[in-house]
Amino acid sequence: MQRLVTNADITIFERDTFAKHIFKDAHYSDQRSRKFAKDGIKSDGEASVHIFAVNSPDSSYTPKIGDIAVKGACEFEFDVASEKSISESMAEFRKLYSDYGVIKSIDIKIYGTLPDYIFTMR
């Protein structure tokens, strides 16, 4: 039997509500490269994340394309009181967590009764 290879916690914020979900003991691999340009930082490649079912206490949530993910158990909370506060929160989030990504693809694998989630982000 193959051991689960884990190296990080992952925090995912839902795209529309900014509800936060923290997954312990996931596998994180970042293959993104960053280049500095006149108009800001550009990145190529993608990061991949494997969330193992046995480490997923929140079985009611399924990651979706467009959700925001960041490595680590993130303490950040978005202020969703208004459009302006969401925009300000997003600006602050980008400053604090420059390595965040937006989920671009997701694959759900079911082994037994619970799903594993494998997704890529840019």
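Analysis parameters
- Residues numbered from 1 in each chain as written.
- Predicted model: local features only at pLDDT ≥ 70, side-chain atom pairs only at ≥ 80, totals over all residues.
- Heavy atoms only, no water.
- Helix = DSSP H or I, 4+ residues; strand = E, 2+ residues; numbered from the N terminus.
- Pairing = 2+ DSSP bridges.
- Axes fitted to C-alpha atoms, helices over the stretch in contact; angles between N-to-C directions.
- Contact = heavy atoms within 4.5 Å.
- Salt bridge = Lys/Arg side-chain N within 4 Å of Asp/Glu carboxyl O.
- Buried < 20%, exposed > 50% of the residue type's maximum accessible area, 1.4 Å probe, protein only.
- Phe/Tyr/Trp six-rings, centres within 6.5 Å; stacked < 30°, edge-to-face > 60°.

(A) Representation of unusual backbone geometry in the model. The backbone of F18 shows a phi angle near 60 degrees, a positive value even though the residue is not glycine. With respect to the secondary-structure elements, F18 resides in the loop between β1 (8–13) and β2 (20–30). Of note in this structure, D25 is not a glycine but carries a positive phi near 55 degrees. Assignment of secondary structure puts D25 in strand β2.

(B) Quick look at the sheet that holds strand β6 (residues 68–71). Taken together, six strands build a closed barrel; the order of strands is β1-β2-β5-β8-β7-β6 and the barrel is antiparallel. Across the sheet, the mean angle separating the axes of adjacent strands is 40 degrees when strand polarity is ignored. Where β6 meets strand β7 (residues 101–111), two bridges bridge the pair, whose relative direction is antiparallel. When the sheet's bridge partners are listed, I68 is paired in β7 with V102.

(C) Quick peek at the pairing of β6. Inspection of the sheet shows β1 paired to β6 by four bridges, in the antiparallel sense. Looking at the pairing, I12 lines up with A69 of β6.

(D) Structural detail: the environment of V70. The residue V70 is located in strand β6 in this model. Note: C-alpha distance between V70 and M121 (51 residues apart in sequence) is 9.8 Å. With sequence-adjacent residues up to four places away left out, V70 is seen in contact with D9, I10, T11, F93, Y97, D99 and Y100.

(E) Representation of the pattern of salt bridges within the structure. Using the criterion set out here, one finds seven salt bridges in the structure. Note that D16 and R15 form a salt bridge whose closest N and O atoms lie 3.6 Å from each other. Assessed through its relative accessible area of 47%, R15 is described here as partly exposed. Across the salt bridge formed by K84 and E88, the nearest N and O atoms sit 3.9 Å from each other. Of this pair, K84 and E88 both sit in helix α1 (residues 83–96), four residues apart, which is roughly one turn of that helix. Shared partners join several salt bridges into a network, and the residues in it are E14, K64 and D67.

(F) Fine view of the packing of aromatic side chains. A full pass over the atoms with the stated rule returns 10 aromatic pairs. Aromatic pair F13 and F93: ring centres 5.5 Å apart, planes at 80 degrees, arrangement edge-to-face. Taken as a pair, F13 in strand β1 and F93 in helix α1 lie far apart in primary sequence, 80 residues in all. The same class applies to F13 as to F93, namely buried. Among the aromatic residues, those joined into a cluster by ring pairs are F13, F18, F76, F78, F93, Y97 and Y100.

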